[in-house]
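Here's the letter readout for the chains.
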Amino acid sequence: MQRAATSIFQFKNFRTRLLIFLISLLGTVLGAVFFSVNQANISNARLHLEDALQLTANSFARSLRGREKILTEKVRLLSSDFAFKSAFATRDTETIRSVLKNHQQRVGANIMLLLSLEGETIANTTDSGRGDSSPALDDLLTAAMSSSHGEASAIQIIDNIAYQMVIVPLFTPEPSAWILIGFVVDDSFSLEQGEFTRSEVSLLYHYKDRPWQIVSSTLQDEAKSQLTEAIASNIVSTSRVFDLLLQGEEYLSLILKVQKGATGESIAVLQRSLDDALAPYLRLRTLMFMLFSSGLAMSIVGAIMIARGLSHPIEQLVKTAKRIENGDYSEGVTIQRQDEIGTLATSFNSMVEGLAERDRVQSLLGKVVSREVADELLSKGIELGGEEREVTILFSDVRDFTSLCELHEPNEILNLLNRYLTHMSNSIEEHGGIVDKYIGDAIMALFGAPVFKEDSPQNAVDCALEMQTEIRLLNHELAKDGLQPLTIGIGINTSKVVAGNMGSSNRLNYTVIGDGVNLASRLEGLTKLYGTEIIVSQSTRDLCPDLLFRELDRVQVKGKSDSVAIFEPLSVAEASSASSKSALHQYHLAIAHYRSREWDEAERLFNQLLVDDSDKKIYQLYLARIIKYRQNPPSSDWHGVAVCKEK
Amino acid sequence: MILNKTTLSLATGVLLSCALSTAHAATVIASVSEKGKAQLGNAVVYAFPVAGLTESEKNGGKQIIDQIDKEFVPHVSAIQTGTSVDFPNHDKIRHHVYSFSPAKSFEIPLYKGTPASPIKFEQPGVVKLGCNIHDWMAANVFITDTPYFGISDASGNVVLRDLPAGSYKIYVWHPQQTADTNSTAQQVVLKDAESHAVSFTVEKKKQWVPFRAPTSAASSY
């Protein structure tokens, strides 16, 4: 959480990270593609449209010329018609007009005029006459006169109707008059052209100093007036393609100059709707948008699925790992997959099995050897060899166990032994000691190995005292079961010994070896002799300054040349009793007299002590020795040391 | 070839006049040019005695206007009033000669060879000839009362011979001239056995010509 707070790009959730990465990556790429394709499409459409418009203009111009040519040829037929010439020769206006009408009908024209070479009307098929409304016929005449064959064509307005006019001379056989034929140009003309060129086509005409008027157009009326306004305001380019907004629709427009005379001019405006041209691109854009959106959506779904596919097994792994942390190896993860996750799950399960196996071994080892030894073995590895260190060794043994065995069945004995050993082992472990080994009913325990502890000697003595308490509790239970009570002797010695793994390379024990071990065992054996439950060596006693001890004797045990002072620790109850303390003081005084060979004084004190505690075996022991030494005084080098021949 | 024919008919006309004139007559040497340009051919120069024509001077003759290779030859003819003109057709195809001109309106419907009777031009004036079936075929016949006329050659020269001494008005006419013939007339006094030079400048108007169909001659094999 703290790390997440340091950076906004640090997401707790893998799925969120994957999603944000995918969305930003795909979004950027797709957005860029979308934008550039769209721009390219639009500019391409415009270019395409401009080209098309130029082509349309060319085609329109050619079409206009072609139409002119066809119309001219139609009129030329008339100009050479002998019957018409004959009629003209009559100079009878009505006849001439009638002939004109006849020909107008023949070629499908809308107006016919016969002008003198000077431009005066001779005959006119319309009733209105040309009058002043058609000054631009002058342009047509001028054009005809300046041409080699006396022919010309132009858009002309007569009585507010637009005509495509063709003029040819009447040859009789020399030119004698002008024949003019007009074909109405209205919206149908533009529609025809528009259909052909697939564009909006408008034809505009204006007389000099008069407003532009639309002669023919494919546009709606409103658009028409907008177009004339735009043309009139000169905002449009006459040479290049320009944009024009008509009725809210954008048109690419091109102006084509059709004709320009002294009195009037006409232009064609060709237009194509940009929106129409863009329609396929817009469809493409929509399609692209849909494709991109669905692609993005699918990617998101895919990412979520991938993330879930990853986070799900991870959660399962975490859950299992936590269970394993708590020591539950009952089940591994169940992920059936072929990918890396599957491999991980398999490895994880193998690890779980391994851990479970190790734990089982450790637990089993803990039962066979003490936990500390097991830990020592597991942590340091098992190798033969040891190290010298100070260890307090405790030996305990059940007195008269052999005779006890004779009274009971082996099964019962085993059962009893197990109950007893369980009680004792618990006491030892509670005081930081380890059970080194069971030797039948005997227990060898170590304090200060394999893990060194400062107060190991004191722990060992405390343990011995508690073991005595425990045995009394056990005896209470045994009594209920109708069994005989047990008594144990405990010997304790602190000594430098070698601690380590001993045995063969295939089978070994963690134990301690040394003189000190034997002494502890001997001390245990002396308990019966001195009538005490616990005997502690001098070295141990020196390391327990807080405890009170009763000095028992100085002994030279079997196999040892040096004598050793042996002590009995006072129980907590004894140590706190004033009378016990004064008795202890008197006892130590008696021992001192004894060692000074002051037999009488020693005897007097022991007898006094015996008055208060008649069962104390140690007093009786010393009284017996005093009697013995009076009769056979010890040698001069005697210092109060008793030699123990027993094992 | 066309030029030769023209010269031939020109010469015939001159000879005819010469035969009827006296030996000591005057000669008019006229030079016709187009305004601002070079000499003008096909211009008719004719002279009227101010005193008027005598009866002996009024006599029509005969003239021929051929149709050769779908063209009238000559393009411009000058004849004295009362002259009969034959229109021999030298082409393999038929022609339909017509005139809507007020001086002489006539029609010779499709024919081959020489029509049986010639056309007599009895009024002075200009007759424009055409062919009904060939729009481009056109010819001019200038009909005048005076026997003193001639047509300018390619160099624009015309010689009028055997004119009796006296005062004359000399005119020029060209099919495309814009001015009235009277406005360009020149009065001269001719003396026997003398030559008198006159020059005319003619202003031509633009002439539109019909399209000519491709001819067999033009595309000769």
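Each value, and the rule that gives it
Sequence order as written defines the numbering, with residues in each chain counted from 1. Starting at A for chains and at 1 for ligands, labels are handed out in the order in which the entities are written. Only residues with pLDDT of at least 70 get local features here, since the model is predicted, and only at 80 or more are side-chain atom pairs given and counted; chain-wide, interface and lining totals rely on the full set of residues. Numbering goes from the N terminus for both helices and strands, where a helix is a DSSP run of H or I of at least four residues and a strand is a run of E of at least two. Here a residue counts as buried when 20 or more other C-beta atoms sit within 10 Å of its C-beta, as exposed when there are 12 or fewer, and as partly exposed otherwise, the C-beta atoms being derived from the backbone. By definition, residues are in contact whenever their C-beta atoms, placed on the basis of the backbone, come within 7 Å of each other. Helix span is expected to be 1.5 Å times the residue number reduced by one. Note: the arc covers the axis-to-C-beta directions of the helix. We call a set of buried Ala, Val, Leu, Ile, Met, Phe, Trp, Tyr and Cys residues a nonpolar core when their C-beta atoms link them within 7 Å. Pairing between strands requires that DSSP locate at least two bridges from one strand to the other. Comment: axis = line fitted to C-alpha atoms, over the contacting stretch for helices; angle = value between 0 and 180 degrees taken between N-to-C directions. Per-residue confidence from the predictor is given as pLDDT, running between 0 and 100. Throughout, the term roughly parallel applies to angles under 35 degrees, roughly antiparallel to angles over 145, roughly perpendicular to angles from 65 to 115, and oblique to all others. Crossings are assigned a handedness: left-handed for a near helix turned anticlockwise from the far helix by less than a right angle, right-handed for a clockwise turn. Only Asp, Glu, Lys and Arg are considered charged, only Ala, Val, Leu, Ile, Met, Phe, Trp, Tyr, Cys and Pro nonpolar, and every remaining residue, Gly among them, polar.

Counting its regular elements, chain B contains one helix and 17 strands. For chain B, the residues scored as buried account for 35% of the 221 residues in total. Across chain B, contacts joining residues at least 24 apart in sequence account for 67% of those joining residues at least 6 apart.

When its secondary structure is counted, chain A shows 19 helices and 19 strands. Across the 647 residues that make up chain A, the buried fraction comes to 32%. Counted over contacts in chain A with a minimum sequence separation of 6, partners at least 24 positions apart contribute 62%.

What follows concerns the environment of A:Gln458. Residues and elements named next belong to chain A. Considering the arrangement of structural elements, one finds Gln458 in helix α13 (residues 456-480). With 20 C-beta atoms counted inside 10 Å, the residue Gln458 sits in the buried group. In sequence terms Gln458 and Thr540 are 82 residues apart; their C-alpha atoms lie 7.9 Å from each other. Residues within four places of Gln458 in sequence aside, it is in contact with Cys544, Asp546 and Leu547.

Moving on: helix α18 (residues 599-612) of chain A. All names here are of chain A. Taking 1.5 Å per residue, 14 residues should reach 20 Å; α18 reaches 20 Å between its end C-alpha atoms and fits that length. Every buried residue belonging to α18 is among Ala602, Leu605, Phe606 and Leu609, and all of these are buried. End-on view of α18: buried residues confined to an arc of 100 degrees, all on one side of the axis. Exposed positions of α18 whose direction lies more than 90 degrees from the buried face are Asp600 and Val611. The inward-facing, buried residues of α18 contact α17 (578-595) and α19 (617-631).

Because each turn of an α-helix spans 3.6 residues, side chains separated by three or four positions in sequence point in the same direction. All names here are of chain A. Residues of helix α6 (residues 187-197) that are buried include every one of Phe189, Ser190, Gln193, Gly194 and Thr197, and no others. Buried positions in α6, seen along its axis, are confined to an arc of 130 degrees and lie on one side of it. Pointing more than 90 degrees away from the buried face of α6 are the exposed residues Ser188 and Glu195. Buried residues along α6 sit in contact with α2 (14-79), β6 (200-207) and β7 (213-217). One or two residues past the end of α6 sits Arg198, with phi positive at roughly 55 degrees.

As a further point, take the nonpolar core. Residue and element names in this part refer to chain A. Residues Ile167, Ile179 and Leu180 are the most contacted members of the largest nonpolar core, which totals 63 residues. Looking at this core, the element that brings in the most residues is strand β4 (residues 161-171), giving eight residues. Listed in part, the 59 residues of the second largest apolar core include Phe395, Ala460, Leu519 and Tyr594.

Across the boundary between the two partners, chain A contributes 13 residues, which contact twelve residues of chain B. At the level of secondary structure, the elements contributing two or more residues to the side of chain A that touches chain B comprise α3 (82-89) and β4 of chain A. Sort the elements by how many residues they give to the side of chain A that touches chain B and α3(A) lands first, with three residues.

So, on to the pairing of strand β15 (residues 508-513) of chain A. Residues and elements named next belong to chain A. Looking at chain direction, strand β14 (residues 488-503) and β15 are connected through six bridges and run antiparallel. Each bridged residue has a counterpart across the sheet, and for Met502 the counterpart in β15 is Asn509. Between the end of β14 and the start of β15, which pair antiparallel, lie four residues.

Attention now goes to the sheet that holds strand β9 (residues 106-111) of chain B. All names here are of chain B. One open sheet holds the five strands; their spatial order is β6-β12-β11-β8-β9, and the pairing between them is mixed. With one partner strand each, in any of the chains shown, β6 (76-80) and β9 form the two edges of the open sheet. When the angles between neighbouring strand axes are averaged without regard to direction, this sheet yields 20 degrees. As judged from the five bridges shared by β6 and strand β12 (residues 134-144), these two strands associate in the parallel manner.

Attention now goes to the pairing of strand β8 (residues 95-99) of chain B. Regular strands show a simple pattern: their side chains alternate between the two faces of the sheet. Residue and element names in this part refer to chain B. Among the five residues of β8, four are classified as buried, and the element is accordingly described as predominantly covered. In the sheet, β8 pairs with β9 via four bridges, with the strands oriented antiparallel. The partner of Val97 across the bridge, within β9, is Ile108. For β8 and strand β11 (residues 125-131), the ladder comprises two bridges, and the chain directions are antiparallel. The residue of β11 that forms the bridge with Tyr98 is Gly130.

Before going further, it helps to spend a moment on the confidence of the model for chain A. Here chain A shows a mean pLDDT of 83. Residues at 70 or above account for 93%. The weakest mean pLDDT in chain A belongs to helix α1 (residues 2-6) of chain A at 44; the strongest belongs to strand β16 (residues 534-537) of chain A at 91.

Glancing now at the confidence of the model for chain B. Residue and element names in this part refer to chain B. Put simply, chain B has an average pLDDT of 83, and 85% of its residues get 70 or more. Low confidence marks residues 1-22, where pLDDT is under 50. Its contacts with residues over four positions away, or in another chain, come to 16 contacts. A low-confidence stretch, residues 216-221 stays under pLDDT 50, and its non-local contacts, those more than four residues away or across chains, total two contacts. Across the whole predicted complex the pTM is 0.54, and at the interface the ipTM reaches 0.74.

All names here are of chain B. With respect to topology, four strands assemble into an open sheet ordered β13-β2-β15-β16, the strand pairing being antiparallel. Two strands lie at the open edges of the sheet, namely β13 (148-151) and β16 (186-190), each paired on one side alone. Direction aside, the axes of adjacent strands within the sheet are offset by 25 degrees on average. Both strand β2 (residues 44-49) and strand β15 (residues 166-173) contribute to a ladder of six bridges, which runs antiparallel. Following the sheet pairing, Ala47 is matched in β15 by Ile170.

It is worth spelling out unusual backbone geometry at this point. Cis geometry marks the peptide bond from A:Thr172 to A:Pro173, where omega comes out at -10 degrees. By the secondary structure assignment, A:Pro173 is in the loop between β4 and β5 (175-184). With an omega of 0 degrees, the peptide bond running from B:Val73 to B:Pro74 counts as cis. In this structure, A:Asp400 takes a positive phi of about 60 degrees despite not being glycine. A positive phi angle, close to 60 degrees, is found at B:Asp162, a residue other than glycine. The residue B:Asp162 is located in strand β14 (residues 157-163) in this model. Residue classification places B:Asp162 among the partly exposed residues on the basis of 18 C-beta atoms within 10 Å.

By the element assignment, B:Ser183 lies in the loop between β15 and β16. Separated by twelve residues in sequence, B:Ser183 and B:Tyr171 place their C-alpha atoms 8.9 Å apart.

Residues and elements named next belong to chain A. One way to put it is that α3 packs onto helix α4 (residues 93-107) with a least axis distance of 8 Å and a crossing angle of 160 degrees. Our classification of the angle between α3 and α4 gives roughly antiparallel. The handedness of the crossing between α3 and α4 comes out as left-handed. Residues Phe84, Ala87 and Phe88 of α3 form the contact with α4, whose participating residues are Thr95, Ile96, Val99 and His103. Its residues assigned to classes, the contact of α3 with α4 shows five nonpolar, two polar and no charged.

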